[in-house]
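Breakdown of the fold
Each chain, letter by letter, is given below.
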Amino acid sequence: MTDPTAESERGAVLVSAPRPIDSGLKGVCPRCGAPTLFAGPIRFADRCRACGLDFSTFNVGDGPAAFLTLILGTIVVILAITVELTLHPPLWLHMLIWIPVTLVGVVASLRLAKGWLIALEYRNAAREGRIEPR
Ligand SMILES: [Zn+2]
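Not measured: the values here are computed from a predicted model.

Bringing the overall build of the protein chain into the picture now. The helix and strand tally for the protein chain stands at three helices and zero strands. Counting over 134 residues, the protein chain shows a buried share of 34%. The contacts in the protein chain between residues at least 6 apart in sequence include a share of 51% that link residues at least 24 apart.

Position of Tyr122 relative to the elements: it lies in helix α3 (residues 91-123). Placed 65 residues apart in sequence, Tyr122 and Thr57 show a C-alpha to C-alpha distance of 9.9 Å.

Turning next to the nonpolar core. Core analysis: the largest hydrophobic core is formed by 12 residues, namely Cys29, Leu37, Phe38, Phe44, Ala45, Cys48, Leu53, Phe55, Phe58, Val60, Ile118 and Tyr122. Other than its neighbours up to four places away in sequence, Val60 contacts Phe44, Lys114, Leu117, Ile118 and Glu121.

What follows concerns helix α2 (residues 63-87). An ideal rise of 1.5 Å per residue puts 36 Å on 25 residues; α2 measures up with 36 Å between its terminal C-alpha atoms. Tucked into the core, α2 has its buried residues touching α3. His88, located one to two residues past α2, shows a positive phi value of around 50 degrees.

We now examine the coordination of the zinc ion. Taken together, Cys29 (SG), Cys32 (SG), Cys48 (SG) and Cys51 (SG) make up the full set of protein donors to the zinc ion, lying 2.3 Å away. Because the angles between the four donor atoms bound to the zinc ion fall within 106 to 114 degrees, the donor set is best described as tetrahedral. Donor residues for the zinc ion sit on one chain with the sequence pattern C-x2-C-x15-C-x2-C. Here Cys48 falls in the buried class, since its relative accessible area comes to 3%.

Right, let's talk about the pattern of salt bridges for a bit. Applying the stated criterion to the full structure yields three salt bridges. A salt bridge links Lys26 to Asp22, with the nearest nitrogen and oxygen atoms 3.8 Å apart. Here Lys26 pairs with Asp22, and both are found in helix α1 (residues 20-26), just four residues apart, close to one helical turn. Overall, the relative accessible area of 52% leaves Lys26 in the exposed class. Relative accessible area serves as the criterion here: at 9%, Asp22 is assigned to the buried category. Within this structure, Arg19, Asp22 and Lys26 form a network of salt bridges that share partners.

Thresholds applied
- Residues numbered from 1 in each chain as written.
- Predicted model: local features only at pLDDT ≥ 70, side-chain atom pairs only at ≥ 80, totals over all residues.
- Heavy atoms only, no water.
- Helix = DSSP H or I, 4+ residues; strand = E, 2+ residues; numbered from the N terminus.
- Buried < 20%, exposed > 50% of the residue type's maximum accessible area, 1.4 Å probe, protein only.
- Contact = heavy atoms within 4.5 Å.
- Core = buried A, V, L, I, M, F, W, Y, C linked by side-chain atoms within 4.5 Å.
- Expected span 1.5 Å × (residues − 1).
- Donors = N, O, S within 2.8 Å, 3.2 Å for Na, K, Ca; no water.
- Tetrahedral: all angles 85-135°; square planar, octahedral: opposite > 155°, others 65-115°.
- Salt bridge = Lys/Arg side-chain N within 4 Å of Asp/Glu carboxyl O.

Spelled out as structure tokens, the structure:
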């Protein structure tokens, strides 16, 4: 059996690691597959409680937040306009529907995107660009 914690010389993970999408969907550690990636709904844990991988060394940035908020905002507005034009509900019902849908959608999609990106960053040993001294 392959050691799930084995890494290549460059720090990239070998074959037995979980799929990157599983880190987003299930919140599993990109190295060992234990469900330890998140300490809150969208906040990463400091490190994996099973294998010790330090999640604080990864930086997925704010890219997912801006991108997903724009996509989700577009979808929610289209759905709200469609509901308004077909069913004509009162304004309070729109607010009762679309505010929770938006909040849940943002948290769920952020969790998925952040987990996926941290797993890809780990798998590809991605780091910030640096200029090596001569
Ligand atoms: Zn782990």
